[in-house]
Amino acid sequence: MQFSAQAMIPFLRQYSEAVEAVAGDRYGQNVNMDKTSVNIMKLAVDIWLRQLVSQNPSTLVITRSPGLRTAAFELELATNYLLKTIKFGASLAEVVHSAIYLSGVMKVGLSSPYLKRGSGFSDKGGHPYAEMVLVNDFLFDMNAKRPYEWEWVGNRYRVPYDDVMENPDFDPEVKKALARGLEETSGDFSGENIDPSELSAGKTILKTEYRDQVELWDVFIPSEQILVTIPAQHGLGPLLVKEWTGDERGPYHFLSFGNVPGNVVPSAPIQHLYHAQDLLTRLFNQLGRQAQRQKTITVSDGQAEADGTATRIMEAMDGHVIHTSHIDGVKEMKYGGVDADNFKFVIWLKEMMSYLGGNLDAMGGLSQQANTLGQEQLLVQSSSQMLKDMQARVITFASEVIQDLARYLY
């Protein structure tokens, strides 16, 4: 786990940098960031999300057996009710949002009466759930060349200390050695602790919580079909080792929008806009500074100043006639102003980012791209080819997750 965490550091840094860029300089702790007056990355994320996840999905359950049609219909009703109850659409949107930056992960299982889940779940436990796993809380075997070929995969999560102590399934000896408090029981195997949530919470030694928290890891080992729960606090043994009875691929479902052959970490779409956005931000701010420095002044030589020509010109109203014997003694001078070549380059860069994003202008309905309605519709359809691939991945991902939920429910 330590090796894999170290290997993930460059990806987590890029993920965090992209999150900061989309959030912009006006968000939380982004005080040292260049002004992001024109944020095409955020525009791209918003457009993609609207096209990929628009509402809570529903499912259709069918069977080849006539005798099971009633049971299939009942399972369909129950599954759709479950998706609504656990707010699956909101969780799916979070996973898709995360996949745009790097990868999306959803964990599926049965809720525990001792480790409470989010809204919509019964405190009694035993209810199917599907929750999003944050990128920086997800870790897998980096020796794998494709998803689901990993030897182990797991996620970190925070729970109240008292809930851990009250869980009879956990090893009592390990619980005795578990320290109280988040700072003492946190563990990042990389040692970097790259966390985009610090944009809002910040880094401070004064960080406190309402209840003492601890961090745990759930680790699934496919070859053994077991799920291991270990404390993030280093040096302790497992709290729980239990047989896995769900789908053989485990509780984790993986979503990506750009595979790299032979590598398990995907290439996310927003990362390809990062450098263009950085360049656009720098040039736009430069043009802004140039525009602010722009000024027009009137200069005069000594003779024009002495005989009052300069004063008469400055005080004259539009259309007035002024008599002078040396008109060249007073001149209007302009300084600064927006560089025309850089301005054209910024316009081209904005158009290039729209192109790289799959024609954002057409997908988002931001501007008319053609002279007629028919031509406009053709452009929108052609621009959505990249989006269609992303939509197909989301549908496949959602279908697999819902199948797991329906299996638990059944």
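The rules behind these values
- Residues numbered from 1 in each chain as written.
- Predicted model: local features only at pLDDT ≥ 70, side-chain atom pairs only at ≥ 80, totals over all residues.
- Heavy atoms only, no water.
- Pairing = 2+ DSSP bridges.
- Helix = DSSP H or I, 4+ residues; strand = E, 2+ residues; numbered from the N terminus.
- Axes fitted to C-alpha atoms, helices over the stretch in contact; angles between N-to-C directions.
- Phe/Tyr/Trp six-rings, centres within 6.5 Å; stacked < 30°, edge-to-face > 60°.
- Buried < 20%, exposed > 50% of the residue type's maximum accessible area, 1.4 Å probe, protein only.
- Lys NZ or Arg CZ within 6 Å of the ring centre and 35° of its normal.
- pLDDT = per-residue confidence, 0-100.
- Expected span 1.5 Å × (residues − 1).
- Bend = angle between axes of the 7 residues up to and from the residue.
- Contact = heavy atoms within 4.5 Å.
- Polar contact = N/O pair within 3.5 Å; in protein donor to acceptor, adjacent residues only side chain to side chain.
- Patch = residues over 30% accessible without salt bridge, like charges linked within 9 Å, V, L, I, M, F, W, Y side chains within 5 Å.
- Areas by Shrake-Rupley, 256 points an atom, 1.4 Å probe, with all protein chains shown as cover.
- Salt bridge = Lys/Arg side-chain N within 4 Å of Asp/Glu carboxyl O.
- Core = buried A, V, L, I, M, F, W, Y, C linked by side-chain atoms within 4.5 Å.

Caption draft 1: A look at the sheet that holds strand 4 (residues 153-160). Spatial ordering of the open sheet is given by 3-4-5-6-7, a layout of five strands whose pairing is antiparallel. Two strands close off the open sheet at either side, each with one partner strand: strand 3 (138-140) and strand 7 (240-243). Averaged over all pairs of adjacent strands, the angle between their axes in this sheet comes to 25 degrees, without regard to strand direction. Summarising the sheet, strand 6 (residues 226-231) and strand 7 pair through four bridges and their orientation is antiparallel. Paired with T229 across the strands is L240, a residue of strand 7.

Caption draft 2: Highlighting the packing of aromatic side chains. In this structure the tally under the stated criterion is eleven aromatic pairs. Here F138 and F140 contribute two aromatic rings whose centre-to-centre distance is 5.5 Å and whose plane-to-plane angle is 50 degrees, an arrangement assigned as tilted. Neither residue differs from the other here; F138 and F140 are each classed as buried. On the basis of an interplanar angle of 80 degrees and a centroid distance of 6.3 Å, the ring pair of F140 and F254 is categorised as edge-to-face. Here F140 is found in strand 3, whereas its partner F254 is found in strand 8 (residues 252-255), with 114 residues between them in sequence. In terms of burial, F140 and F254 fall into one category: buried. By way of ring pairs, the aromatic residues F138, F140, Y148, W150, Y252 and F254 are connected into one cluster. The ring of Y148 carries the charged tip of R249 above its face, separated from the ring centre by 4.5 Å.

Caption draft 3: Molecular detail of the environment of E215. Along the chain, the position of E215 falls in strand 5 (residues 213-221). Overall, E215 belongs to the buried group, its relative accessible area being 11%.

Caption draft 4: Representation of unusual backbone geometry. Phi at Q225 is positive, roughly 55 degrees, even though this residue is not glycine. Structurally, Q225 can be placed in the loop between strand 5 and strand 6. Overall, Q225 belongs to the partly exposed group, its relative accessible area being 22%. At N359, a residue that is not glycine, the phi angle is positive and equals roughly 65 degrees.

Caption draft 5: Molecular detail of the confidence of the model for the protein. Taken over all residues, the pLDDT of the protein has a mean of 86, while the share at 70 or more is 90%. When pLDDT is averaged over each element of the protein, strand 8 comes out on top at 96 and helix 13 (residues 373-383) at the bottom at 57.

Caption draft 6: Spotlight on the sheet that holds strand 2 (residues 128-133). Pairing is antiparallel in the open sheet, where three strands are placed in the order 2-1-8. Only two strands of the sheet have a single neighbouring strand rather than two, namely strand 2 and strand 8. The sheet shows a mean angle of 20 degrees between the axes of neighbouring strands, direction not considered. Inspection of the sheet shows strand 1 (residues 104-110) paired to strand 8 by four bridges, in the antiparallel sense. Of the residues in strand 8, the one forming a bridge with K107 is Y252.

Caption draft 7: Main features of helix 1 (residues 2-23). For helix 1, spanning 22 residues, the distance from its first C-alpha to its last is 30 Å, which sits close to the expected 32 Å at 1.5 Å a residue. Considering bend angle alone, the principal kink of helix 1 is centred on I9 and spans about 45 degrees; proline P10 follows within four residues of it. At its buried positions, helix 1 is contacted by helix 2 (40-52), helix 4 (88-101), strand 3, helix 7 (198-201) and helix 8 (274-293).

Caption draft 8: Focus on helix 2. With 13 residues, helix 2 should reach 18 Å at 1.5 Å per residue; the first-to-last C-alpha distance of 18 Å fits that figure. Those residues of helix 2 lying buried are I40, M41, A44, V45, I47, W48, L49 and L52. The elements touched by buried residues of helix 2 are helix 1, helix 4, helix 8, helix 11 (340-356), helix 12 (360-363) and helix 14 (385-409). Where helix 2 begins, one side-chain oxygen reaches toward the backbone nitrogen of M41, 3.3 Å away; that side chain belongs to N39.

Caption draft 9: Spatial organisation of the environment of I402. With respect to the helices and strands, I402 occurs in helix 14. On the basis of relative accessible area, I402 is assigned to the buried category, the value being 8%.

Caption draft 10: Focus on a nonpolar patch on the surface. A cluster of nonpolar side chains, namely I297, V299, M333 and Y335, defines an oily patch on the protein surface of about 300 Å² accessible area. Looking at the nonpolar patch, the elements with two or more residues in it are strand 9 (295-300) and strand 10 (330-335). With respect to the secondary-structure elements, I297 resides in strand 9.

Caption draft 11: Structural context of the nonpolar core. Residues W48, F88 and I270 are the most contacted members of the largest nonpolar core, which totals 79 residues. Ranked by residue count, the leading element in this core is helix 1, at nine residues. Not counting chain neighbours up to four residues away, the residues in contact with W48 comprise I100, P269, I270, L273, G357, L360, M363, M386, L387 and M390. In terms of nonpolar packing, the next biggest core, distinct from the first, is built from twelve residues, L115, Y161, V164 and L240 among them.

Caption draft 12: Layout of the pattern of salt bridges. Enumeration over the complete set of coordinates arrives at 13 salt bridges. For D218, the salt bridge is made with K107, and the minimal N-O distance between the two is 2.7 Å. Linking D218 in strand 5 with K107 in strand 1, this pair joins segments that are 111 residues apart in sequence. The exposure class of D218 is buried, given its relative accessible area of 5%. Between K350 and D361 there is a salt bridge; the shortest N-O distance is 3.4 Å. With a gap of eleven residues between them, K350 in helix 11 and D361 in helix 12 connect regions that are remote in the sequence.

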